[in-house]
Amino acid sequence: MTTHYLVLSALLFAIGAVGVLIRRNAIVVFMCVELMLNACNLAFVTFARQHGNLDGQLIAFFVMVVAAAEVVVGLAIIVMIFRTRRSASVDDANLLKY
Amino acid sequence: MTDAPSYLSPTGQEIVFLLLGAVAVGAALLVVTTRQLVHAALWLVVTFGALAGCYLVLTAEFVAWVQVLIYVGAIVVLLLFGIMLTRAPIGRSADLDSGNRPAAALVALATAAVLVTVVVDGFRTAYAPLRAGGGSAGEIGSSVFRNWVLPFEALSVLLLAALIGAIVLSRTDIRGRG
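Residues numbered from 1 in each chain as written. Chains lettered and ligands numbered in written order. Predicted model: local features only at pLDDT ≥ 70, side-chain atom pairs only at ≥ 80, totals over all residues.

Undergrad: Help me understand the overall build of chain A in this model?
TA: A count of helices and strands for chain A gives three helices and zero strands. Over its C-alpha atoms chain A spans a radius of gyration of 16 Å, topping by over 25% the 13 Å that the globule rule assigns to 98 residues. A total of 98 residues make up chain A; the buried ones form 61% of that total. Counted over contacts in chain A with a minimum sequence separation of 6, partners at least 24 positions apart contribute 46%. (Helix = DSSP H or I, 4+ residues; strand = E, 2+ residues; numbered from the N terminus. Rg over C-alpha atoms; globule rule 2.2 N^0.38 Å. Buried ≥ 20, exposed ≤ 12 C-beta atoms within 10 Å, placed from the backbone. Contact = placed C-beta atoms within 7 Å.)

Okay, structure coming up:
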């Protein structure tokens, strides 16, 4: 039973990884990162269920909070890049300076 | 590890899990492949909802509701705001994908193959019978404030730092010395 959840988690992680690699818009890349974080959360909750303690659920909860903080800062950065470059594409933001 | 799972007569939990898992994988595939940005965000809602259902089946009630609150309620709304603020094309757009599609497919296949093989091989006999009431808010709360106080406090500082960082980044009249 728990193997099914882990397989689902692995599939979602792979889908998120392919999204990060092929998408061009920075916000969609963000969505795919969230997908990968969710896959990890599912694995954590599954292991918590399997071992019968709550630590995995707590780590999933912490991951969600960190993901929320990451989205806030990341979106601020994306909006700022859009202000200076008029584009939200990751291909246009290929320089660290200028 | 009480009794082995039988694949011929699935229980209710397994049927619910299969439905939720199919919905989650299908919606995730649509997030990655859809040609419209706003639709990608909305399919992400479906994926997160199906995952919240999975958490409920795994008796992690608190995590499921936090998932609905934070991901569906906050993060997707923030992402939609980001799509609107960057004036992304609302309709279909052709140039959403970059050119490294074969490499991405290769990486994804390799990742999925390795992970699924390892997981299936490592946890073939792991079988946890589900009991009700594992992850209610009361138990999670007592575990947080008994065993996880320091990470919890560190997280609050992290949230404050993220808040200040977002304000500093988005205000144009605050400039660093760089």
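Once you've had a look at it, read on.
Undergrad: Explain the overall build of chain B to me, please; I cannot follow it from the model alone.
TA: A tally of helices and strands in chain B yields six helices and zero strands. When the helices and strands of chain B are listed from N to C terminus, the series reads α-α-α-α-α-α. For chain B, with 178 residues in total, the buried portion stands at 25%.

Undergrad: Where do I start with the UniProt feature "transmembrane region" (unreviewed entry) in chain B in this structure?
TA: All names here are of chain B. According to UniProt, the positions carrying the feature "transmembrane region" (unreviewed entry) are residues 15-33, 40-58, 64-85, 106-128 and 148-169. The straight-line gap between the two end C-alpha atoms of residues 15-33 is 27 Å; of that span, 100% is helix and 0% is strand. Taken end to end, residues 64-85 has its terminal C-alpha atoms 30 Å apart, with 100% of it in helix and 0% in strand. (UniProt positions renumbered as here; feature names shortened; annotations may be inferred.)

Undergrad: I keep staring at the environment of Glu14 of chain B and nothing clicks. Help me out?
TA: Residues and elements named next belong to chain B. Relative to the assigned elements, Glu14 resides in helix H1 (residues 12-33). We classify Glu14 as partly exposed; it has 16 C-beta atoms within 10 Å. Spatially, the C-alpha atoms of Glu14 and Val57 are 9.1 Å apart, while their sequence positions differ by 43 residues.

Undergrad: Explain the interface of chain B and chain A here, please?
TA: Bring the parts together and some accessible area is lost; that lost area is often taken as the interface size. Each side of the interface is counted separately: chain B has 73 residues, and chain A has 59 residues. Breaking the side of chain B that touches chain A down by element, the ones donating at least two residues are H1, helix H2 (37-57), helix H3 (61-85), helix H4 (101-122), helix H5 (137-147) and helix H6 (149-170) of chain B. Of all the elements, H4 of chain B adds the most residues to the side of chain B that touches chain A, at twelve residues. Classifying every residue of the side of chain B that touches chain A gives 53 nonpolar, 14 polar and six charged. (Nonpolar A, V, L, I, M, F, W, Y, C, P; charged D, E, K, R; others polar.)

Undergrad: What's the story with the UniProt feature "transmembrane region" (unreviewed entry) in chain A in this structure? I'm lost.
TA: Residue and element names in this part refer to chain A. Mapped onto the present numbering, the UniProt feature "transmembrane region" (unreviewed entry) falls on residues 6-22, 27-47 and 59-82. Counted over residues 6-22, helix gives 100% and strand 0%. Its end C-alpha atoms are 24 Å apart. Helix makes up 100% of residues 59-82 and strand 0%, and the two end C-alpha atoms of the span are 34 Å apart.

Undergrad: How should I be thinking about the packing of helix H2 (residues 26-51) of chain A against H3 of chain B in this particular structure?
TA: Packed helices, taken two at a time, are described by the angle their axes make and the gap between the axes. It is the contact of H2 of chain A with H3 of chain B, at a shortest axis distance of 11 Å, that shows an interaxial angle of 170 degrees. Comparing their axes, H3 of chain B and H2 of chain A come out roughly antiparallel. Mapping the contact onto sequence places Ile27, Phe30, Met31, Glu34 and Val45 of chain A in H2 of chain A and Val63, Ile75, Leu79, Gly82 and Ile83 of chain B in H3 of chain B. Class assignment for the residues of the contact of H2 of chain A with H3 of chain B results in eight nonpolar, one polar and one charged. (Axes fitted to C-alpha atoms, helices over the stretch in contact; angles between N-to-C directions. Parallel < 35°, antiparallel > 145°, perpendicular 65-115°, else oblique.)

Undergrad: Would you take a moment to explain unusual backbone geometry for this structure?
TA: Most peptide bonds take the trans configuration, and most residues that are not glycine carry a negative phi. One non-glycine residue, Thr59 of chain B, lies in positive phi territory at about 60 degrees. Looking at the secondary structure, you find Thr59 of chain B in the loop between H2 and H3.

Undergrad: Please clarify how the confidence of the model for chain B should be interpreted in this entry.
TA: Detailed reading of the predicted coordinates is not advisable wherever pLDDT is low. Chain-level pLDDT for chain B is 83 on average; 84% of the residues reach the 70-or-more range. As scored by the predictor, the complex reaches a pTM of 0.87 and an ipTM of 0.89. (pLDDT = per-residue confidence, 0-100.)

Undergrad: Mind showing me how you'd approach the packing of helix H1 (residues 2-22) of chain A against H4 of chain B here?
TA: Across the interface, H1 of chain A lies against H4 of chain B with an axial gap of 9 Å and an inter-helix angle of 165 degrees. When the interaxial angle is binned, H1 of chain A and H4 of chain B end up roughly antiparallel. Between H1 of chain A and H4 of chain B lies a crossing of right-handed hand. On H4 of chain B, the residues touching Thr3, Leu6, Val7, Ala10, Leu11, Phe13, Ala14, Ala17, Val18, Leu21 and Ile22 of chain A of H1 of chain A are Arg101, Ala103, Ala104, Ala105, Val107, Ala108, Thr111, Ala112, Leu115, Val116, Val119 and Val120 of chain B. Grouping the constituent residues of the contact of H1 of chain A with H4 of chain B by class yields 20 nonpolar, two polar and one charged. (Left-handed = near helix turned anticlockwise from the far one by under 90°.)

Undergrad: Looking at this structure, I do not really get the environment of Arg146 of chain B. What am I missing?
TA: For Arg146 of chain B, the position within the fold is in helix H5. Separated by 15 residues in the primary sequence, Arg146 of chain B and Ala161 of chain B place their C-alpha atoms 25 Å from one another.

Undergrad: Hey, could you run me through H1 of chain B in this one?
TA: For an α-helix, 3.6 residues make a turn, and residues three or four places apart therefore share a direction. Here H1 of chain B is 22 residues long and its end C-alpha atoms lie 32 Å apart, about the 32 Å a rise of 1.5 Å per residue gives. Those residues of H1 of chain B not exposed but buried are Phe17, Leu20, Gly21, Ala24, Ala27, Ala28, Val31 and Val32 of chain B. Considered in projection along H1 of chain B, the buried side chains sweep an arc of 140 degrees and stay on one side of the axis. Relative to its buried face, H1 of chain B has exposed residues pointing more than 90 degrees away, namely Gly12, Ile15, Leu19 and Ala22 of chain B. Residues of H1 of chain B that are buried in the fold lie against H1 and H2 of chain A together with H2 of chain B. (Expected span 1.5 Å × (residues − 1). Arc of directions from axis to C-beta.)

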